[in-house]
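Listed here are the chains, written in short residue letters.
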Amino acid sequence: MRNLNFLLLTRGRNRLHWTDVLSYAYLVVGLFTMFAPVIWLVMSSFKTEAAMSQFPPSFLPYTQKTVQVEGFPKPLPLFLVNKVDGTQQEMAQVNRMGIVANMVDPQKPEDKLQVNVRQREAVNSLSFAWNNYVDLFGKFTFGTYLWNSVFITVIATVLTLLINSMAAFALSKYNFAGQKTVFILIIATLMIPPTIILVPVFLVINQVGLLNSLWGVILPAVATPTGVFLLRQYMLTIPDELIEAARMDHASEWRIYWRIVLPLSAPALAVLAIFSVMWRWNDFLLPLIVLSKNEFFTLQLALNSFQGELNTQWHYLLAMTVITLIPVTLVFAFLQRYITTGIAGAGVK
Amino acid sequence: MRFLAVFFNLLEPFFRQGQKRLGLQRVAWLFVGPNLFVFGLFCFLPILINLIYAFTGGVELMPQSRPYSGSENFEILLHCDSYFDISTCRKDIFWRALLNTAKFSVLQVSLMVLFSMVTALVLNRKIKGRGFWRGVFFYPVLLSPVVVALIWKWLLQSQGVFNAGLVAIGSAPVEWLTQSGWAFFWTVFVSIWAHMGFYTLILLAGLQAIPNDLYEAAEMDRASPWRTLTRITLPLLMPNLIVVLVLAAIRAVQVFDEVFVLTGGGPGSATTFIVQFIYQTGFAEQIHLYGLAAAASMALALILIVLTLAQLRLTRASEAGQKGR
């Protein structure tokens, strides 16, 4: 029971109580658990293919040093050899047969030596394999995947903001027959997760002719109950007098929406925009059933199909993963406050 | 900016016309129209079509060319020779998926509530840099399920850092993702890792709404910390706890993407859950059995309805309880 103390007090004392120590310990463990896996992934993505298959793995990306030795066309890998006389020497490996390796002294290529492979250690140096990243853009259709993801995210977010703010405007600033029904209908869709209408949504997308088209991923989810709710609640706080005044000046309803209500809703729009970007960038199930052709893959789909291959090319896969998490991490770094207050306020994600 | 101006000018006459015809209030239909159109096409219509699929057979995608099959799809899903032995069921994989989902949900939700509660309580203490620490636990929430799965797949692979640790302390490496017990454990762990921050945030918001004088009064009365927790914090946090409990349950029942990438549902069917069953029967397998997938999704819908009703009940009960206090 007494161990629970640290969880129960809401306000610490002036000096550091042992429960404070425990709290900070918990937080540090949390910091490690949440970030260490990501950092490990990022460091690993800078390893060469050879370094990746090394066991046990190292944290930093090491690669074996190589030397150019006279008389050999290719650079040879460098090892630290324990000699029979007890001294150590750096030598290059010419070739290896079973457990015996033929080594030469890089300075004196005529100085040859046969060594048991257990008597030597690879000489490593720190080097970042930027090629994992560079190759992505050259070798693969990675650019296409990136473009598809960006296109879907940007267009879908713009449409989401437009359509949902229009609906929110109608539901907050008018008084028409059926308004309540419409609002309830829209909010009720919160109860219908996409997973349970997967098959018929696929049919509709197919019938509209959007299968294997980026629009097939964009359109089905541009209307979101969360967005309508969030924006409506915000627009309710905009004084009606503003709108009345504009009507006096013969502004059209569209102008009132576009020039008055929309600009005033900027904070709520920003929150929805952040959410929309996260949803779209990370979306998986809908693209998975709509986009089956390689050239329409989003980053998420490309990652999935890459990791499913028989010989997973981890060095490219990890680099691709890192690129995929960069935008999200940037959003997190700069906009974390807005997201967390948005969630705490509306209880939505 | 110019584009926006053009867009505005294009639509204004249209709305002026509408205003003339419909009047000042009913012009709102033009504003809510696009939204309702999208919802109708991609949400309400599919709900109806789903019913048609569930009661028709065959492999055709078009509803009109599918023969009516009555309750056959449900019989295929639910029939077992003996209900004490899953392997005698006609679709044993469905039952396994159902059982796995139940097991997963109970484990994941209870651990999720526990961890996010502890984290929220710690974050609610007087600590330095609360915003930073809150962000720390929230970061994985933003990552995509595929990225989350790949991060952990890389750590857990046979030559990964976990096995390096095991070898370093002298024990044998473990195939984390291809032994059914461990694979199941990691699906639970990874999904908690990825989503805990979200629930922590909801609970923290609830904790910060509890007025401080209650705690001061409790301190004056020399209430033990345990008593303060059970008599002040927990009762006042109940509405948020219910939200967290039900949201977590609704999401746990629908678990798919992380697990799909992390284990692919394996080894065998050890980590196959309902949504993956629906996806596989309807889309991934050679013959697309849309009817069976739709029937299974109705089973899922049933579970979700029950959970939502439970939430309403619980919320009402806790509100009534607070009034009675």
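Worth saying up front: this structure is predicted, and the values here are computed from it rather than measured.

### Quick word on the overall build of chain B
When its secondary structure is counted, chain B shows 13 helices and 0 strands. Walking chain B from its N terminus toward its C terminus, one meets helices and strands in the order α-α-α-α-α-α-α-α-α-α-α-α-α. Computed over C-alpha atoms, the radius of gyration of chain B comes to 26 Å, more than 25% over the 20 Å expected from 2.2 N^0.38 for 325 residues, which places it beyond the range of a compact globule. In chain B, 62% of the contacts between residues at least 6 apart in sequence involve partners at least 24 apart. Accessible surface, chain B: about 15400 Å² in total, of which carbon and sulfur atoms supply 65%.

### Describing the overall build of chain A
Scanning chain A for helices and strands turns up 15 helices and 8 strands. Against the 2.2 N^0.38 benchmark of 20 Å for 349 residues, chain A shows a C-alpha radius of gyration of 30 Å, more extended than a compact globule. The dimensions of chain A, computed from C-alpha atoms along their principal axes, are 100 × 65 × 40 Å. Put simply, chain A has 349 residues, and 50% of those count as buried. In chain A, the proportion of contacts linking residues at least 24 apart, taken out of those at least 6 apart, comes to 62%.

### Quick notes on the pairing of strand β3 (residues 76–82) of chain A
Residues and elements named next belong to chain A. Alignment of strand β2 (residues 66–67) against β3, held across 2 bridges, turns out to be antiparallel. Across the sheet, the residue bridging to V67 is L76, located in β3. Where β3 and strand β4 (residues 88–97) come together, 5 bridges link them in antiparallel fashion. Paired with L80 across the strands is E90, a residue of β4. Hairpin connection, β3 to β4: the antiparallel pair is bridged by 5 residues, and G86 has positive phi, about 95°.

### Quick notes on helix α2 (residues 28–54) of chain B
Relative to the 39 Å expected for 27 residues at 1.5 Å per residue, α2(B) spans 37 Å between its end C-alpha atoms, a close match to the ideal helical length. Of all the bends in α2(B), the greatest, near 45°, is centred on B:G40.

### Some details on the packing of helix α8 (residues 180–208) of chain B against helix α10 (residues 225–253) of chain B
Residue and element names in this part refer to chain B. Two elements in contact, α8 and α10, have axes separated by 9 Å at closest approach and are oriented at 155°. It follows that α8 is roughly antiparallel to α10 by the angle criterion. Crossing of α8 over α10 shows right-handed handedness. Between α8 and α10, the contacting residues are H195, F198, Y199, I202, L203, A205, G206 and L207 on the first element and T233, L237, N240, L241, V243, V244, L247, A248 and R251 on the second. Its residues placed into classes, the contact of α8 with α10 shows 12 nonpolar, 4 polar and 1 charged.

### Describing the interface of chain A and chain B
Listed per partner, the contact involves 108 residues of chain A and 108 residues of chain B. For the pair chain A and chain B, the interface holds 2 salt bridges. Linking A:R255 and B:E12 is a salt bridge whose minimum nitrogen-to-oxygen distance equals 3.4 Å. Counting across the interface, chain A meets chain B through 18 residue pairs in polar contact (both at pLDDT 80 or more). The residue inventory of the side of chain A that touches chain B, partitioned by class, reads 72 nonpolar, 28 polar and 8 charged.

### Points about a nonpolar patch on the surface
On the surface, a nonpolar cluster with roughly 510 Å² of combined accessible area is contributed by A:Y62, A:L126, A:F128, A:W130 and A:V134. Counting through the fold element by element, A:W130 comes out in the loop between β8 (124–126) and α4 (131–139).

### What to know about the nonpolar core
Counting residues in each nonpolar core, the largest one holds 194 residues, and the members touching the most others are A:Y257, B:F31, B:L143 and B:W152. The residues contacting B:F31, other than those within four sequence positions of it, are A:M166, A:A167, A:F169, A:A170, A:Y174, A:E253, A:W254, A:Y257 and B:F15. Counting 7 residues, the second largest nonpolar core, distinct from the first, contains A:F79, A:V81, A:M91 and A:A101.

### Observations concerning the packing of aromatic side chains
Per the counting criterion, the structure on display carries 57 aromatic pairs over all chains. Taken together, a centroid distance of 5.0 Å and an interplanar angle of 45° make the contact between A:W314 and B:W154 tilted. In this pair, A:W314 is assigned in helix α15 (residues 314–346) and B:W154 in helix α6 (residues 145–156), connecting two distinct chains. An angle of 50° between the planes, with centres 6.1 Å apart, marks the rings of B:Y53 and B:Y290 as tilted. Taken together, the residues span a long stretch of sequence, with B:Y53 in helix α2 and B:Y290 in helix α13 (residues 290–324) at a distance of 237 residues. There is no split in this pair, since B:Y53 and B:Y290 are both buried. Three or more aromatic residues joined by ring pairs form one cluster here, namely A:F169, A:Y174, A:W254, A:Y257, A:W258, B:F7, B:F8, B:F14, B:F15 and B:F31. Over the ring of A:F183 we find A:R232, and its NZ or CZ is 4.1 Å from the ring centre.

Rules behind the numbers
Residues numbered from 1 in each chain as written. Chains lettered and ligands numbered in written order. Predicted model: local features only at pLDDT ≥ 70, side-chain atom pairs only at ≥ 80, totals over all residues. Heavy atoms only, no water. Helix = DSSP H or I, 4+ residues; strand = E, 2+ residues; numbered from the N terminus. Rg over C-alpha atoms; globule rule 2.2 N^0.38 Å. Contact = heavy atoms within 4.5 Å. Areas by Shrake-Rupley, 256 points an atom, 1.4 Å probe, with all protein chains shown as cover. Buried < 20%, exposed > 50% of the residue type's maximum accessible area, 1.4 Å probe, protein only. Pairing = 2+ DSSP bridges. Expected span 1.5 Å × (residues − 1). Bend = angle between axes of the 7 residues up to and from the residue. Axes fitted to C-alpha atoms, helices over the stretch in contact; angles between N-to-C directions. Parallel < 35°, antiparallel > 145°, perpendicular 65-115°, else oblique. Left-handed = near helix turned anticlockwise from the far one by under 90°. Nonpolar A, V, L, I, M, F, W, Y, C, P; charged D, E, K, R; others polar. Salt bridge = Lys/Arg side-chain N within 4 Å of Asp/Glu carboxyl O. Polar contact = N/O pair within 3.5 Å; in protein donor to acceptor, adjacent residues only side chain to side chain. Patch = residues over 30% accessible without salt bridge, like charges linked within 9 Å, V, L, I, M, F, W, Y side chains within 5 Å. Core = buried A, V, L, I, M, F, W, Y, C linked by side-chain atoms within 4.5 Å. Phe/Tyr/Trp six-rings, centres within 6.5 Å; stacked < 30°, edge-to-face > 60°. Lys NZ or Arg CZ within 6 Å of the ring centre and 35° of its normal.

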